[in-house]
Each structure stands twice: as structure tokens, then as C-alpha cells.
Amino acid sequence: MSSNSNIGYYIGVDVGTGSTRAALVDDNGSIVSLSVVNIKIWNPESGFYEQSSDDIWRAVVEAIKNVMTKSEVKPEYVKGLGFDATCSLVVLDKDMKPRTISPGGENECNILMWMDHRAHKEAEAINATKHPILETVGGKMSLEMQLPKLMWLKKNLPDTWRDAAHFFDLPDFLTWKATSSLTRSACSLGCKWSYLTQQDCWDKEFLSLIELDDLANNRHKIGTEVKNIGSACGKGLTECVSKELGLIPGTAVGTSIIDAHAGALGCLSCHGDLEIDMDRCLVLIAGTSNCHIVCSKKRVPVTGVWGPYYNAMVPGMWVNEGGQSAAGSLIDFVTSNHAAYPHVMREAEDCGVHQYTYLNILLEKLTVEEKYANPAFLTRDLHMWPDFHGNRSPLADPALRGMMSGLDLSPGERSLAVSYLATLQALAYGTKSIVSAMDEAGHSISRVYVCGGLCKNKQFVQTHADVLGLPLIVPKTEESVLLGAAILGMCASGKVSHIQEAMSILGGDGKVITPNKETSRYHKKKYAVFQEMLKDQRKYRRIMEGAV
């Protein structure tokens, strides 16, 4: 593609759980080129998940260079960059070098991943304080947030704690790396660090209460200047980084955003032929984990749901965020551990389709063969509770575990297909429980946008529409998260005056998926079983108390 001097381009970078992706987006919202580069994960013991900031930056550089090479767009036409990432904790020393967070002591491992669950005791200690700040996280702080992780580091790795000069949320590490600016994002700090965005300050008394006095007194380690997403970060790309990326020094970089929130930005700019009322829209960002984001003009606290956070995404609005800690990872786990998985993989390869596409086709075939009116009915006797990695929302109980009822000894592909479908349904029932909690608290959700890797799975999307009984809107672009990141670059470039303007320019069309009303009675009964499974698990816990 040859460069067009009349068109501006923006680069969106998304650092997910297992890969770094970059997209070059033109100022009409079209993705010109895309690159995906894998990143490493260390899992030294159960519940411990670690990454390397050097490895991630290497992947960022490679992905950006790839999209520029593929597009043949000249660097001077790139007007801005935006970064989003998982809410993982990055630790650097006074020389801005990685400092280990690993019990093994490897300095390469300097990132505590979002999905790391080592800080469960620290989260319990925070929640035992009953401090009013917990009202900003649904009444209970998750062990996936940064303050429990910081407490764990201080207690368990005193040398790292002594040597650490900077603690970053991963999105803010990326903007620092690109611009040398130590500013932090209101999105990251508000949503994951308990920074009070409405008052624009840290709660020093709370930090002292949880024995993080040294951070309360040395706030340069955690951020002294906080900016709204999309604000220009520093003076743009530094000379050194611009050479590394093959871009122009000073190219604008937008203040960063959490990956799920980037997806919400990209989705909410797409109306899908329905009039948009942001207060009544939920965005489901469906990938390795699921996030459920609602923006509202009013502050609406929801028990067991993170937030409400002010100015964390759309300026002047509040954000609530529900979630499921395992979604795509759960589907992968259930399918890959079934005896028929190698057979299904071979069949899918022979057909030239993804394994989940093959399973979706198989479900349709089984529906006809077994004379059901809808594939959903195939799971009549198979039920799942999906919290294999704990419950993030609305129960906020990381100790919950997965359950299945109705298993048999069948090793064939039918058994795998039905287990796969039961998993999709269980995730949809989990989403229903989150939506119900939000509505009961004062939201009024009437439509759901869905983006992320799982939005490409037609059975996943249709199942959610059927279970929720609401229309689902799938954006025309399959890369809403990257589009959301690019929106930040457009804002930082000065082409637009605010986030909503960039959303209206870059957002595209979408497809509306309507619920199948014939399945509503069936899903109502399955959801009742779903709720009984929670009661059963809690009953088993009580029975086993004191057994060991």
C-alpha cells in the first residue's frame, strides 16, 4: 500500500495475556495492517504467573515494525500511538532495570501478571479492614489488584522491595518506555490501585493502614502525576525509541488504558443500527478472561463488581467492571483435556477450519440427528459451574472452583462437543449473574456489545444473546481492542478535542444478534441449576471444615 499524504494513521498496541498485537489504523477507522507477536509466561508454581518487561517490549517493537513494513506507510504519516495492556504489575529499580518478583530470583521475571493469585492472604487482610475505600471495588478487593500484590512483595521479597524504585501498571510502563514520562493513567490507577480519581489523590491513611506507609510517603514510586486516557504523554516518542520503532521523534503517544477498557471504547463507538444510550449498554470483552464494562452518568455501586470509578474511561462518566477470571482459557482447558480432542483437531485440520468452528458445525449436525429444535438442548443433563480460577464477579470469591454434573464415560467427539457447549452456557450464565447484579443495583442494561477473541465464535455469541434475552452487537471490525488503543493515539495527536469525538470518527458498523426466544424456558431452568450448584459447593465447604 502506498502512503496517502491526505490520510493520517494511528498505531494501536495491545499487550494481552499471551501475545502483543499492533494495528495501523487510518483516520476512517479501517485497519490497514495487523501483527501478532507471542510473549512468554512463567508459571513456577500453582497460582504464580510471571512475565518479563524486556520480553514484552521486544514484542511491542517487533509488532510495530511489522505493521509499518506490511503497510508501506511512511513514518511521517503516523500521527499518534496508543497503548493498552493487561493490568499486570511491573517492578523496576533506580536504574530502570527489571527487578525480580519471582521466588526463584530471576530478574528477567519482573511482572506479576493480572491472573497471579499468590496474594490471597494479603487481599483478605485488606478486606478485613472494612475501610470505606473498598466501596470503590464492590465491597471486596480482588487479589488480582495491585495493592495485595505490593503487600505480598514487601512481605516475601524484601530485597526486591528495598531496591524497587518504580511500580507500574503494565499499560503505564509502555508509555514510559515510549516517552520517558512517568505519568500514570487514571484508568490504571483508578481501577487497579485504589487511586481516588474523583478527588485526584491517593488515600494516604489507607496506604498506611495496610502497611504500605513507604509508598504513601514516597509516591513517586507509584505515580505523582495522573492523566486521563488519551492525554498527550510526555513529548511523544523519544529519539531513541523512534529509531527503534522506525517512526518519527515526537510522534504523539496517548496516556494508556487497560485492555478491557480499550475494547469498550472500540465497541461503544459502534451503534449496530440501534440508537446508542451509553448508560444502558454493557460491553463484554471476551478473551482469556471476560470483562463486563458499563459506563454511566450516575455513580452506581454494585456489590461484588469493581467500581464505580470516575473518569477511568469516558471523561465525566463512572465505570463499573464485572468479570470472569477464566473464559477462553476455560474453554481451552475443557476441550484440550478431553479424550476426543486429538481426533477433533485432526478433523478440523482436514476441513480447514478452527477446532471451535468444527465443534459448532458438529453441534448443528447432532441437533438434527437427535431431533432437537436447538443445539442448546443437547446439554439438558450436563451442567457446569465455570469458576475454575475463582469468581471475580459478582461473588468476589477467589476460592470458588469449577464443577460439572452429568459426566459419563463416553470418549467420543459428541461428548466433547456437548462439554464444550456446556462450558459456553456456563460462561453465559455467569454473565447473566453479573448483569442481574448490575440491574438490581440501579443500572438498566438493554443491549450488550461483545468484542475480543471469543466474539468470532458464533455459538458463544448466540448463546449469550439467548441466555441474557438481550440483543448482542458484534462490531464489524474484529479488533475493537486495537481500535480503542488507536483512539488514544488520535486524541494525543490533537486531531480531536475529546475521546467521544475520536470514538465517533473511528467507530464503524456492527451486526445485531437477536435472542432465540424458543430457548428462554430451557435457559431459565438451566440457570436455576447453575444457582443450585453454588449452594452445593458452599455446602461441601462447610462439610469439609476441620477435616484436615
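Residue numbers run consecutively from 1 along every chain, following the written order of its sequence. Given that this is a predicted model, residues contribute local features only at a pLDDT of at least 70 and side-chain atom pairs are listed and counted only at 80 or more, while totals for whole chains, interfaces and linings are drawn from all residues. Values shown for side chains rest on all heavy atoms present in the structure; no hydrogens or waters enter the calculation.

Colleague: What exactly am I supposed to notice about the overall build of the chain here?
Modeller: We count a stretch as a helix when DSSP gives it H or I for four or more residues in a row; a strand needs E for two or more, and each element gets its number in order from the N terminus. A tally of helices and strands in the chain yields 18 helices and 20 strands. As defined in this context, the radius of gyration uses C-alpha atoms, and a globule is described by 2.2 Å times the residue total to the power 0.38. The C-alpha atoms of the chain give 23 Å as radius of gyration, which agrees with the globular expectation for 548 residues (24 Å, within 12%). By its C-alpha atoms, the chain is 65 × 65 × 45 Å across when sized along the principal axes. Across the 548 residues that make up the chain, the buried fraction comes to 61%. By the convention used here, residues are in contact when the closest approach between their heavy atoms is within 4.5 Å. In the chain, of all internal contacts separated by at least 6 residues, the share reaching a separation of at least 24 is 71%. Carbon together with sulfur atoms contributes 50% to the accessible area of the chain, which is approximately 21600 Å² in total. Residues counted as positive are Lys and Arg, residues counted as negative are Asp and Glu, and His and the chain ends are not counted. Where a charge lies is defined by one atom per residue type, namely NZ (Lys), CZ (Arg), CG (Asp) and CD (Glu). Charge centroids of the chain, computed over 55 positive and 62 negative side chains, lie 3 Å from each other. Relative accessibility thresholds used throughout: buried, under 20% of the residue-type maximum; exposed, over 50%; partly exposed, between the two (1.4 Å probe, protein chains only). Note on areas: Shrake-Rupley with a 1.4 Å probe; residue coverage comes only from the protein chains shown.

Colleague: What is the right way to look at unusual backbone geometry in this model?
Modeller: Among all residues save glycine, negative phi is the norm, and among peptide bonds the norm is trans. With an omega of 5°, the peptide bond running from Gly307 to Pro308 counts as cis. Turning to its location among the elements, Pro308 is positioned in strand β14 (residues 306-310). Cis geometry is adopted by the peptide bond preceding Pro394, which originates at Ser393 and carries an omega value of 0°. Along the polypeptide, Pro394 turns up in the loop between β16 (383-385) and β17 (403-405). Even without being glycine, Lys371 reaches a positive phi, approximately 60°. Note that Lys371 resides in the loop between α13 (355-369) and β16.

Colleague: I tried to follow the sheet that holds strand β2 (residues 19-26) on my own but got confused; where do I start?
Modeller: The pairing of strands in a sheet happens through backbone hydrogen bonds and is either parallel or antiparallel. Two strands qualify as a pair provided that DSSP identifies no fewer than 2 bridges between them. With mixed pairing, the five strands of this open sheet are ordered in space as β3-β2-β1-β5-β11. Each edge of the sheet is formed by a strand with only one pairing partner; in this case those strands are β3 (31-38) and β11 (252-258). Each adjacent strand pair in this sheet contributes to an overall mean axis angle of 15°, direction not counted. Inspection of the sheet shows β2 paired to β3 by seven bridges, in the antiparallel sense. Among the inter-strand pairings, Thr20 is bridged to a residue of β3, identified as Val37. Simply put, an axis is a line fit to the C-alpha atoms, just over the touching stretch for a helix, and the angle between two N-to-C directions goes from 0 to 180 degrees. Packed onto the sheet, helix α10 (residues 259-268) meets β1 (9-15), β5 (78-85) and β11 and runs at close to 105° relative to β11.

Colleague: Looking at this model, I keep getting lost on the sheet that holds strand β12 (residues 281-286). Mind explaining?
Modeller: Taken together, seven strands build an open sheet; the order of strands is β14-β15-β13-β12-β18-β19-β20 and the sheet is mixed. Of all the strands in the sheet, the pair left with one neighbour each is β14 and β20 (510-513). For this sheet, the mean inter-axis angle between neighbouring strands, taken without regard to orientation, is 25°. Sitting on the sheet, helix α15 (residues 458-468) is in contact with β12, β13 (290-296), β18 (447-451), β19 (472-475) and β20, with an inclination near 155° to β19.

Colleague: Even after reading the chapter, I still don't get the pattern of salt bridges, so can you show me in this structure?
Modeller: Pairing of side chains with opposite charge becomes possible as their charged atoms draw close. Each salt bridge in this description consists of a side-chain nitrogen of Lys or Arg and a carboxyl oxygen of Asp or Glu lying within 4 Å of one another. In the structure shown here, the tally under the stated rule is 18 salt bridges. Two residues, Asp163 and Arg99, come together in a salt bridge whose shortest N-O distance is 2.8 Å. Here Asp163 is found in helix α4 (residues 158-163), whereas its partner Arg99 is found in the loop between β6 (89-93) and β7 (111-112), with 64 residues between them in sequence. The salt bridge involving Asp279 is made with Lys297; its shortest N-O contact spans 2.9 Å. With Asp279 in the loop between α10 and β12 and Lys297 in the loop between β13 and β14, this pair connects stretches of sequence that are 18 residues apart. For Lys297, a relative accessible area of 60% gives the class exposed.

Colleague: Just checking my understanding: could you explain a positive patch on the surface for this structure?
Modeller: Taken together, Lys130, Lys140, Arg538, Lys539 and Arg542 make up a surface patch of like positive charges. Among the structural elements, Lys539 can be located in helix α18 (residues 520-544). Look at Lys539 and you get partly exposed, because its relative accessible area is 39%. For patch building, the residue pool is restricted to those with more than 30% relative accessible area and no salt bridge; the joining distance is 9 Å between like charges and 5 Å between nonpolar side chains (Val, Leu, Ile, Met, Phe, Trp, Tyr).

Colleague: Explanation requested: the nonpolar core in the structure shown.
Modeller: The tendency in soluble globular proteins is for nonpolar side chains to be buried as a group. Joining through side-chain atoms within 4.5 Å is the link that ties buried Ala, Val, Leu, Ile, Met, Phe, Trp, Tyr and Cys residues into a set, and such a set is a nonpolar core. One finds Leu147, Leu150, Leu153, Phe167, Leu265, Ile285 and Met313 to be the most contacted residues of the largest nonpolar core, which totals 80 residues. Ranked by residues supplied to this core, first place goes to helix α16 (residues 480-493) with eight residues. If we ignore the near neighbours within four places in the chain, the residues touching Met313 are Ile229, Ile257, His261, Ala264, Leu265, Leu268, Ile293, Cys295 and Val319. Grouped together as the second largest cluster of nonpolar side chains are 50 residues, Leu421, Val450, Leu454 and Ile513 included.

Colleague: What should I look at first to understand a nonpolar patch on the surface in this one?
Modeller: Side chains of Tyr540, Ile543 and Met544 sit close together on the surface and give an oily, nonpolar patch of about 350 Å² of accessible area. Exposure remark for Ile543: the relative accessible area of 60% places this residue in the exposed category.

Colleague: Sorry if this is basic, but what is going on with helix α3 (residues 146-156) here?
Modeller: With eight of 11 residues buried, α3 is to be regarded as a mostly interior element. Looking at α3, one finds that the buried residues are Gln146, Leu147, Pro148, Lys149, Leu150, Met151, Trp152 and Leu153.

Colleague: Which parts of the structure should I look at to understand α18?
Modeller: Residues three or four positions apart in an α-helix share a direction because the helix packs 3.6 residues into each turn. For α18, which comprises 25 residues, the first-to-last C-alpha distance of 37 Å matches the rise-based estimate of 36 Å (1.5 Å per residue) to within 8%. For α18, the complete set of buried residues consists of Tyr522, His523, Lys526, Tyr527, Phe530, Met533, Leu534 and Gln537. Looking at the buried side of α18, the elements it contacts are β16, β17, α14 (413-441) and α15. Positive phi appears at Gly546, one or two residues downstream of α18, with a value of about 80°. A helix's residues, less one, multiplied by 1.5 Å, set its expected span.

Colleague: Looking at this model, I keep getting lost on the state of the cysteines. Mind explaining?
Modeller: In this description, a disulfide is simply a cysteine sulfur pair whose atoms lie within 2.5 Å. One pass over the full model with this rule turns up zero disulfides. Left without a disulfide partner, Cys191 is nearest to the cysteine sulfur of Cys187, which lies 4.5 Å away. A residue is classified by how much of its surface remains accessible, and Cys191, at 1% relative accessible area, is buried. For the unlinked cysteine Cys291, the closest cysteine sulfur is that of Cys87, found at 7.4 Å.

Colleague: Would you mind showing me how to read the side chain of Thr86 here?
Modeller: Counting through the fold element by element, Thr86 comes out in the loop between β5 and β6. Given the relative accessible area of 2%, Thr86 is considered buried. Contact partners of Thr86, with chain neighbours within four places excluded, come to Val15, Gly16, Thr17, Trp114, Asp169, Leu170, Pro171 and Asp259.

Colleague: Just to check I follow, could you spell out the packing of helix α2 (residues 120-128) against α3 for this structure?
Modeller: Packed helix pairs are specified by the crossing angle of their axes together with the interaxial distance, meaning the distance between the axes. Two numbers describe how α2 lies on α3: the axes approach to 8 Å, and their chain directions differ by 120°. α2 and α3 meet at a crossing whose hand is right-handed. Residue-level contacts link Glu122, Ala123, Ala125 and Ile126 of α2 to Leu147, Pro148, Met151, Trp152, Lys155 and Asn156 of α3. Here the contact of α2 with α3 is composed, by residue class, of seven nonpolar, one polar and two charged. Note on convention: the crossing is left-handed when the near helix lies turned anticlockwise from the far helix by less than a right angle, right-handed when the turn is clockwise. Ten residue types, Ala, Val, Leu, Ile, Met, Phe, Trp, Tyr, Cys and Pro, are classed as nonpolar, four, Asp, Glu, Lys and Arg, as charged, and the remainder, Gly among them, as polar.

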